[in-house]
Amino acid sequence: MSVTNPAGEEKVIAGAFPSGCGKTNCAMMTPTLPGWKVKCIGDDIGKGVHVVGTYRGVHIGGYV
């Protein structure tokens, strides 16, 4: 998930959560503050991929 402020600064967080804890609700978040953006890769299966010195998350479903 990432949160972007009106100045364009994006902060990214990641985590793994158990069943029944509100993952789907989190994935459907819509900011109410003007200019803010929220993105969620997915609330189902994802995996990490090593790409030339970095570690990136990939959504198995194929779309972000």
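Residues numbered from 1 in each chain as written. Predicted model: local features only at pLDDT ≥ 70, side-chain atom pairs only at ≥ 80, totals over all residues. Heavy atoms only, no water.

Caption draft 1: Layout of the sheet that holds strand S3 (residues 37–39). The antiparallel open sheet is built from three strands, whose spatial order is S2-S1-S3. Edge positions in the sheet fall to strand S2 (10–12) and S3, since each has one partner strand and no second. Going across the sheet, the axis of each strand differs from the next one's by a mean of 15°, ignoring polarity. Summarising the sheet, strand S1 (residues 2–4) and S3 pair through three bridges and their orientation is antiparallel. Bridge pairing in S3 links Thr4 to Lys37. (Pairing = 2+ DSSP bridges. Helix = DSSP H or I, 4+ residues; strand = E, 2+ residues; numbered from the N terminus. Axes fitted to C-alpha atoms, helices over the stretch in contact; angles between N-to-C directions.)

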